[in-house]
Each structure stands twice: as structure tokens, then as C-alpha cells.
Amino acid sequence: MDDAKQPAPSGPEPLQGPHWNHHDPEPAGFLPMRLVLQPGGFSVELTRSEILVGRHSVADVRLRSPEVSRRHCRFVFAEGHWQVFDLNSLNGVWVNGLRVQRAILQSKDLLHIGSYNFEVEIGPSTIPIPGAATHSAESVLTSTPERAAAEKAEPLEPHKKAS
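Draft legend 1. Spatial organisation of the overall build of the chain. Counting secondary structure elements, the chain contains one helix and 13 strands. Traced from its N-terminal end to its C-terminal end, the chain shows the element sequence β-β-β-β-β-β-β-β-β-β-β-β-β-α. Scored against the burial criterion, the 163 residues of the chain give a buried share of 37%. For the chain, contacts bridging at least 24 residues in sequence account for 49% of all contacts bridging at least 6.

Draft legend 2. Structural context of the confidence of the model for the chain. Here the chain averages 77 in pLDDT, while 61% of its residues score no lower than 70. Note that residues 14-21 has pLDDT below 50 and, in this model, two contacts with residues that lie over four places away or in other chains. Segment residues 143-158: pLDDT under 50, and 14 contacts once partners within four positions in sequence are set aside and those in other chains are kept.

Draft legend 3. Representation of the packing of aromatic side chains in the model. A complete count under the given rule lists four aromatic pairs for this structure. Here the aromatic residues F30, F77 and W82 are joined through ring pairs into a cluster of three or more.

Draft legend 4. Molecular detail of the pattern of salt bridges. All told, the structure shown has five salt bridges when counted by the stated rule. Measuring nitrogen to oxygen at the nearest pair gives 2.8 Å for the salt bridge that ties R48 to D60. With a gap of 12 residues between them, R48 in the loop between β2 (43-46) and β3 (50-54) and D60 in the loop between β3 and β4 (61-64) connect regions that are remote in the sequence. With a relative accessible area of 17%, D60 lands in the buried category. In this structure, the salt-bridge partner of R74 is E50, at a minimum N-O distance of 3.1 Å. Highlighted residues: R74 in strand β5 (residues 73-78) and E50 in strand β3, separated in sequence by 24 residues. Relative accessible area serves as the criterion here: at 25%, R74 is assigned to the partly exposed category. According to the relative accessible area criterion, E50 is partly exposed, its value standing at 34%. Overlapping salt bridges, with partners in common, bring together R34, E45 and E121 in one network.

Draft legend 5. Geometry of the environment of R74. Separated by 22 residues in the primary sequence, R74 and L52 have C-alpha atoms spaced 4.5 Å apart. Those residues within four positions of R74 in sequence are excluded, and the remaining contacts are E50, I51, L52, Q83, V84, F85 and L87. A polar contact is formed between the side chain of R74 and the side chain of E50, at a distance of 3.1 Å.

Draft legend 6. Inspection of the pairing of β4 at higher detail. Of the two faces of β4, the one lined by V61 and L63 is fully buried and the one lined by R62 and R64 carries no buried residue. Strand direction decides the pairing type here: β3 and β4, joined by two bridges, are parallel. The residue of β4 that forms the bridge with G54 is R62.

Draft legend 7. Geometry of the pairing of strand β6 (residues 81-86). Relative to β6, β5 is paired through six bridges, and the arrangement is antiparallel. Among the inter-strand pairings, V76 is bridged to a residue of β6, identified as Q83. The turn joining β5 and β6, which pair antiparallel and follow one another in sequence, is formed by two residues; a positive phi near 55° is taken by E79. Sheet analysis places β6 next to strand β9 (residues 102-105), joined by four bridges and oriented antiparallel. In the strand pairing of β9, F85 is matched with R102.

Calculation criteria
Residues numbered from 1 in each chain as written. Predicted model: local features only at pLDDT ≥ 70, side-chain atom pairs only at ≥ 80, totals over all residues. Heavy atoms only, no water. Helix = DSSP H or I, 4+ residues; strand = E, 2+ residues; numbered from the N terminus. Buried < 20%, exposed > 50% of the residue type's maximum accessible area, 1.4 Å probe, protein only. Contact = heavy atoms within 4.5 Å. pLDDT = per-residue confidence, 0-100. Phe/Tyr/Trp six-rings, centres within 6.5 Å; stacked < 30°, edge-to-face > 60°. Salt bridge = Lys/Arg side-chain N within 4 Å of Asp/Glu carboxyl O. Polar contact = N/O pair within 3.5 Å; in protein donor to acceptor, adjacent residues only side chain to side chain. Pairing = 2+ DSSP bridges.

This is the structure:
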């Protein structure tokens, strides 16, 4: 029997799982997407071709609200367009007033995730929104009491507390 041992790899093992910071090259024709919080104008830039949104600490965009699931949805840029995928969240993903499991997004679409309402902007992000704070995809949004009061006045759909 020949018990030849493989040489030990030099250096540390690469990170895997949720801690792996993959920076794959963006697909040809990649266009960044901006989610603009309504009302208020706070925006989040999605500058990678795949972004996880949720309440969990491993999410690329953290939405701190009990109506948002830990891993709520994923945004993917593929085949020349942005798509959103609901990851079996409790309160769902809504695009232009319709609950969706998967949808192709276009500029000016209205996106509802948990207690957050966003307007979608797709294209180069070189033109800043006047008076708006812009953050990269590794952002955290927190629900404020004023926002919560405004949302209770005009609910889209009754929300359940996500686990």
C-alpha cells in the first residue's frame, strides 16, 4: 500500500461561506442599481452583481425592521438586467404593488421590502441625488419612529413579524 501524503497547502485556507468576500468580475454590460428610500431619499448603491438583503448580520444590505426576514431577498444582475428573488420571506417582496417570488426590475419600479419602500434606479451612479445620503451595498437601514408612524397611516399589506 502506498500512503503518499499530499503536501500541506502553504498559507491560510481561503474563507468560505458567509465570510467569503467574493469579488468576481462583473458581467459584461453591468449597470449599478440604486434603491432610493421613499419618502426621504436615502439611497443604497448596488455595485456588485449579486446582493443579499435582510436583517441578518451577513446580509450585504441590512434592513433593521421586524418585518424583514433574516435573509429576505437577493438582487442579481444577469443577462443584461436586474432581478429580485424572494428568499421565502414572511412578508414577501412587492414590485409595483404585486407580491412576487422573482421579478425583473426596471427604473422607476416601486419595491416594497418589509416596512421599506424604495424606488429603483438603474444605470451609472455618477449623478448624485441632491440632498440625499448615498451608501454602498454594505449598508444598514433602521426603521425610525417617524417612519413607522407614517407607514401605519398608509399600509400596503398587513405585516407579520419575521422570525
